[in-house]
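Structural overview
These are the residues of each chain, in order.
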Amino acid sequence: MSEKRVLTGITTSGTPHLGNYVGAIRPAIEASLTGEFESFFFLADYHALIKAQDPNLVHQSTLEIAAAWLALGLDTDKVIFYRQSDIPEIPELTWLLTCMTAKGMMNRAHAYKGAVQANIEAGEDEDMAITMGLFSYPILMAADILMFNAHKIPVGRDQIQHVEMARDIAQRFNHHYGEHFVLPAAQLDDDVAILQGLDGRKMSKSYGNTIPLFLTEKKLKKYINKIKTNLLEPGEPKDPDDSAVFQIWQAFASQGQIAEMRSEFANGIAWGEAKRQLFELVNEQLKEPREEYLRLLENPAEVEAVLQVGAVKARDHSSKLVAKVRSAVGIRPLG
Ligand code: TRP
């Protein structure tokens, strides 16, 4: 068990969409239900403040993301599910790690470098609108990970560098103060689909091409109808591997249904019909969780109570770790 501690965070700066579901929520819940792992899943609301500075958005997103995970079947008896900001030891550890982090390494973080590059290209001062939050973001993330001595961090490609930085920081800390941290590794699951969005690019909030996870049936139909297709007429054979409609179908369908749709494409299924079937398939799977999701949104105190239980469990780990680490750096009672 001890080699299999899995941890991941979800930034609370938006509404969950189908890409989040297929790429992160569904595989995480499935893995946690096998009982093979000790899972830590949390709402990264401190991370949200780096990109979202609208308090209502951060607050609402926290509720929506928590409700989505719960509605989709997360079993909080089997996993530790908590909100980052309920763990005061996280910012405390962040500082202890900050003092062991090379500034040069932070200069190389993709998110920060990308922002500097964009400023330079726009002819602006290179630091324009760049906060210390963005600059130090990988250290906060390292604290999230190292706090719970997690081994495996399931993340998307864009986050691999951050996990490597957490590993680097842990190594440096261990070297200087003694072995306190497990060295984490990113886990990229090749079986997990990266869903295409309405325009065929990766479904992502930053591209504005997402399909929100819990829409009304009417709206879900509308969104699916907006998925980009080509001009091929009914009866003309279509290439499934070049189609976002088929790609999304694949993420929800059984092997048999995938094979059937492949031959429907070869037989020239009309785009309207393919989309109608896609709607039926997706809607069928989301119907029940949608009801539970809407119920939870109406009962935020219930969600809050679940998070408080999670916080108690998480703090059982974090308070012990931080006590040890404080002592190791020389912050301890006199005499
Ligand atoms: N930064 C991650 C993201 O934007 C979210 C996150 C915060 C995270 N802390 C984490 C992921 C710790 C894994 C482990 O996707």
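Since this is a predicted model, take the numbers as computed values, not measurements.

What counts, and where the lines are drawn
Residues numbered from 1 in each chain as written. Predicted model: local features only at pLDDT ≥ 70, side-chain atom pairs only at ≥ 80, totals over all residues. Heavy atoms only, no water. Near = heavy atom within 4 Å. Areas by Shrake-Rupley, 256 points an atom, 1.4 Å probe, with all protein chains shown as cover. Helix = DSSP H or I, 4+ residues; strand = E, 2+ residues; numbered from the N terminus. Nonpolar A, V, L, I, M, F, W, Y, C, P; charged D, E, K, R; others polar. Domains from an automatic or database assignment. Contact = heavy atoms within 4.5 Å. Buried area = accessible area lost by both parts, 1.4 Å probe. Salt bridge = Lys/Arg side-chain N within 4 Å of Asp/Glu carboxyl O. Polar contact = N/O pair within 3.5 Å; in protein donor to acceptor, adjacent residues only side chain to side chain. Core = buried A, V, L, I, M, F, W, Y, C linked by side-chain atoms within 4.5 Å. Buried < 20%, exposed > 50% of the residue type's maximum accessible area, 1.4 Å probe, protein only.

Section: the site of the ligand
What surrounds the ligand is a group of 14 residues, the closest being Thr11, His47, Tyr137, Asp144 and Gln159. Contact with the protein chains covers 90% of the free accessible surface of the ligand, which is 370 Å². Of all the secondary-structure elements, those providing two or more residues to the shell around the ligand are strand S1 (5-11), strand S2 (38-44) and helix H7 (132-147). Of the residues assigned to the shell around the ligand, the class counts are 8 nonpolar, 5 polar and 1 charged.

Re the domain arrangement of the protein
Looking at the assigned domains, one finds that the protein contains domain 1 (5-194 + 300-329) and domain 2 (214-295). Using C-alpha coordinates to define each centre, domain 1 is positioned 33 Å away from domain 2. On the side of domain 2, 11 residues touch domain 1, which itself brings 11 residues to the contact. In total, about 970 Å² of surface goes out of reach between domain 1 and domain 2, with carbon and sulfur atoms giving 64% of it. Put simply, domain 1 and domain 2 have 1 salt bridge between them. Across the pair arginine 295 and glutamate 302 runs a salt bridge whose closest N-O atoms are separated by 2.8 Å. One can count 3 residue pairs in polar contact (both at pLDDT 80 or more) joining domain 1 with domain 2. Put simply, the parts of the chain that give the side of domain 1 that touches domain 2 at least two residues each are helix H1 (18-33) and helix H3 (55-71). Each residue belonging to the side of domain 1 that touches domain 2 can be placed in one class, and the counts come to 8 nonpolar, no polar and 3 charged.

Thoughts on the nonpolar core
The biggest cluster of nonpolar side chains holds 54 residues, and the ones touching the most others in it are Leu18, Trp69, Phe81, Ile211, Ile227 and Phe252. Per element, the largest residue contribution to this core is 9 residues, and it comes from helix H12 (residues 271-298). Phenylalanine 252 has contacts with Leu18, Tyr21, Val22, Arg26, Leu281, Val282 and Gln285, leaving out every residue within four places of it along the chain. Judged by nonpolar contacts, the second largest core, of 46 residues, contains Ile87, Met105, Phe173 and Val322.

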